[in-house]
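Breakdown of the fold
Listed here are the chains, written in short residue letters.
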Amino acid sequence: MKLLIAGAGIGGLTAALSLHSVGMRDVRVLEAVPEIRPLGAGVNLLPNAVRELAALELAENLADLGADLTELGYYNHLGQEIWREPRGWAGGSRWPQLALHRGALQTALADSVRARLGDAAITTDARVTGFTPLPGGGVEVSVAHRAGDRVTERIRADVLVGADGLRSAVREALYPQEGEPRSNSTTVWRGVTRCAPFRGGHAMVVMGDGRWKAVVYPLAVRPDTEGLIPVNWAISRAATEGPQGRDAAAAASDDGFAAAVAGWRCGDLRMAALVADSGAVSSFPMLDRDPVPRWSFGTVTLLGDAAHAMAPMGSNATTQAVLDARSLAHALATHDDPVAALAAYDRDRRPRMNRLQLLNRAKGPEVVIDLVHERAPEGFGRVGDVVPTARLAQVARAYARAAGFDVPSVNAPSPYGRPIRPRSAVRER
Ligand SMILES: Cc1cc2nc3c(=O)[nH]c(=O)nc-3n(C[C@H](O)[C@H](O)[C@H](O)COP(=O)(O)OP(=O)(O)OC[C@H]3O[C@@H](n4cnc5c(N)ncnc54)[C@H](O)[C@@H]3O)c2cc1C
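Residues numbered from 1 in each chain as written. Predicted model: local features only at pLDDT ≥ 70, side-chain atom pairs only at ≥ 80, totals over all residues. Heavy atoms only, no water.

What follows concerns the sheet that holds strand E5 (residues 71–76). On the basis of which strands lie adjacent, the open sheet formed by 7 strands has the order E6-E5-E14-E15-E16-E13-E19 and mixed pairing. Edge strands, defined here as strands with exactly one partner in the open sheet, are strand E6 (81–86) and strand E19 (282–288). Strand-to-strand twist of the sheet, defined as the mean angle between neighbouring strand axes without regard to direction, takes the value 20°. Note that strand E13 (residues 182–195) and strand E16 (residues 229–238) share 10 bridges and pair antiparallel. Of the residues in E16, the one forming a bridge with valine 188 is serine 236. (Pairing = 2+ DSSP bridges. Helix = DSSP H or I, 4+ residues; strand = E, 2+ residues; numbered from the N terminus. Axes fitted to C-alpha atoms, helices over the stretch in contact; angles between N-to-C directions.)

Right, here's the structure in full:
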């Protein structure tokens, strides 16, 4: 079976490795950019994704590239604790939660694809522009190359997987009326700062005041010779007025974000220093997509952000792309007919991702910050007097179940593959 994957992001590369692991050898990844460069900042792999990467014998390497997070805390802008929970191993999972640089993860996956499937498995400067289903089955994919005068090539395949991100060309062909991604008029500023470890070195901190929010986590555990580690931070500003989808570029040009969080502290974490000492800062509008009623159409399907781009709450986008990839490979390995396989993948993944997209649009687990802020904007004595602790716990539990990283689900064997032997760096517990 010949498989084409549009997009060499985390989703597309993990799909290639997953397909290879179930015996598919004719797998090709077409990537639009001329060169895969380590772009972006931090991403999270929740324990359910780490379990799946361990099944691909990748997790050991990845653990060395980032930090294992053992604590997640939500705080108000005064640094008062609203909710704090153990994560990964500390929370009873057999697998860790890893935070790492997106570029490091993408590079490691691309190296593994080339090592396992051969150098020719990834073609860069190959933008998928469309496809035509073939009468006898399969699909003809159009690919534009910038080199060589934008030649358009046509490649035939049995299956096309659109893993081409938020502005997926494959999705556009399937849903031509959809248009631009949806904006919630929130602007995000993001950077990475080398600084001393905070809160013990394994914690994710999310702080907010109802309008501004900061998310901070380490990207490494071992300090360098100066005692510093790279720390990922993102500061977002929700619009309080104006129409949905107002000019996002204009919103992003306002850099009052540093002043907005200058006084914010959470234990030994100081937002002012984090922003002041940062490397390059990028800003972008927060975007997502509406859930759709189908991902799979015959022998064409969607995966990762192309299928379910979601607001960045709960650290889920990269994790869910990994799970999609494993589910897709499992479906293709267990069905003779690729059309039936893609339909099974759609049934397995889409309903859950449809719900998660909407949950994230409603702020996911971070909603507890707003709940507390609405009732106690100047701070509180005991958080339980503001919002019952049982309600806070319920929000966290319900989100973990919805995203599939609750401890019972994570500690069950992978639904997509063979049992995994314990390993040294990322071992089962
Ligand atoms: C440059 C970049 C930086 C990012 N940085 C962060 C970050 O710091 N933190 C974070 O949480 N998330 C980040 N994201 C998003 C995050 O990577 C995804 O939400 C998540 O990992 C799911 O990945 P994906 O593979 O589905 O999509 P993506 O990571 O978006 O990958 C899609 C890939 O498809 C390629 N592509 C697009 N159109 C075509 C086409 N027509 N034909 C062929 N290839 C195409 C893109 O170049 C890209 O390599 C970033 C995404 C990108 C593209």
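This part takes up unusual backbone geometry. With a phi close to 60°, glutamate 57 is a non-glycine residue in the positive phi region. Structurally, the position occupied by glutamate 57 is in the loop between helix H2 (47–55) and helix H3 (59–65). Overall, the relative accessible area of 46% leaves glutamate 57 in the partly exposed class. Within the chain, serine 315 stands out as a residue other than glycine whose phi angle is a positive 55°. Structurally, serine 315 is set in the loop between helix H10 (305–308) and helix H11 (317–334). (Buried < 20%, exposed > 50% of the residue type's maximum accessible area, 1.4 Å probe, protein only.)

Turning to the nonpolar core, a few remarks are in order. In this structure, Ile5, Leu45, Val170 and Leu332 are the most contacted members of the largest nonpolar core, which totals 77 residues. When sequence neighbours within four positions are dropped, the list of residues in contact with valine 170 reads Ala6, Val128, Phe131, Leu160, Gly162, Asp164, Val300, Thr301 and Leu302. Among the nonpolar cores identified, the runner-up in size contains 24 residues, and Val372, Ala376, Val387 and Leu392 belong to it. (Core = buried A, V, L, I, M, F, W, Y, C linked by side-chain atoms within 4.5 Å. Contact = heavy atoms within 4.5 Å.)

A few words now on the packing of helix H1 (residues 10–21) against H11. The geometry of H1 relative to H11 is characterised by a closest axis approach of 8 Å and an angle of 30° between their N-to-C directions. What the angle tells us is that H1 and H11 run roughly parallel. Both H1 and H11 take part in a crossing whose hand is right-handed. Facing H1, whose interface residues are Ile10, Gly11, Thr14, Ala15, Ser18, Leu19 and Ser21, H11 presents Thr318, Ala321, Val322, Ala325, Arg326, Ala329 and Leu332. The class makeup of the residues in the contact of H1 with H11 is 8 nonpolar, 5 polar and 1 charged. (Parallel < 35°, antiparallel > 145°, perpendicular 65-115°, else oblique. Left-handed = near helix turned anticlockwise from the far one by under 90°. Nonpolar A, V, L, I, M, F, W, Y, C, P; charged D, E, K, R; others polar.)

Another aspect to go through is the site of the ligand. Near the ligand you find 28 residues, and of these Gly11, Glu31, Ala41, Arg102 and Asp305 are the closest. The side chain of arginine 102 places a nitrogen or oxygen atom 2.7 Å from an oxygen atom of the ligand. Aspartate 305 is positioned with one of its side-chain polar atoms (N or O) 2.6 Å from an oxygen atom of the ligand. If the ligand stood free it would expose 920 Å²; the protein chains cover 79% of that surface. Counting residues per element, the shell around the ligand draws most heavily on H11, at 3 residues. For the shell around the ligand, a count of residues per class yields 14 nonpolar, 8 polar and 6 charged. (Near = heavy atom within 4 Å. Polar contact = N/O pair within 3.5 Å; in protein donor to acceptor, adjacent residues only side chain to side chain. Areas by Shrake-Rupley, 256 points an atom, 1.4 Å probe, with all protein chains shown as cover.)

We now examine the pattern of salt bridges. By the definition in use, this model includes 20 salt bridges. Arginine 84 serves as the salt-bridge partner of glutamate 81, at 2.8 Å between the closest nitrogen and oxygen. Residue classification places glutamate 81 among the partly exposed residues on the basis of a relative accessible area of 34%. In this structure, arginine 382 engages aspartate 385 in a salt bridge whose closest nitrogen and oxygen atoms are separated by 2.9 Å. With respect to burial, arginine 382 and aspartate 385 carry one shared label: exposed. Linked by salt bridges that have partners in common, Glu71, Glu81, Arg84 and Arg199 make up one network. (Salt bridge = Lys/Arg side-chain N within 4 Å of Asp/Glu carboxyl O.)

The strand order across the open sheet formed by 3 strands is E9-E10-E11, and the pairing between neighbours is antiparallel. Of all the strands in the sheet, the pair left with one neighbour each is strand E9 (127–133) and strand E11 (152–157). For this sheet, the mean inter-axis angle between neighbouring strands, taken without regard to orientation, is 25°. Where strand E10 (residues 139–144) meets E11, 6 bridges bridge the pair, whose relative direction is antiparallel. Across the sheet, residue valine 141 finds its bridge partner in E11, namely isoleucine 155.

This model, assessed by the stated rule, comprises 6 aromatic pairs. On the basis of an interplanar angle of 20° and a centroid distance of 5.0 Å, the ring pair of tryptophan 189 and phenylalanine 257 is categorised as stacked. Taken as a pair, tryptophan 189 in strand E13 and phenylalanine 257 in helix H8 (residues 257–260) lie far apart in primary sequence, 68 residues in all. For tryptophan 189, a relative accessible area of 2% translates into the label buried. Aromatic pair tryptophan 295 and tyrosine 345: ring centres 5.7 Å apart, planes at 50°, arrangement tilted. (Phe/Tyr/Trp six-rings, centres within 6.5 Å; stacked < 30°, edge-to-face > 60°.)

Relative to the assigned elements, threonine 299 resides in the loop between E19 and strand E20 (300–302). Those residues within four positions of threonine 299 in sequence are excluded, and the remaining contacts are Gly138, Val139, Asp158, Val159, Leu160, Pro338, Val339 and Leu342.

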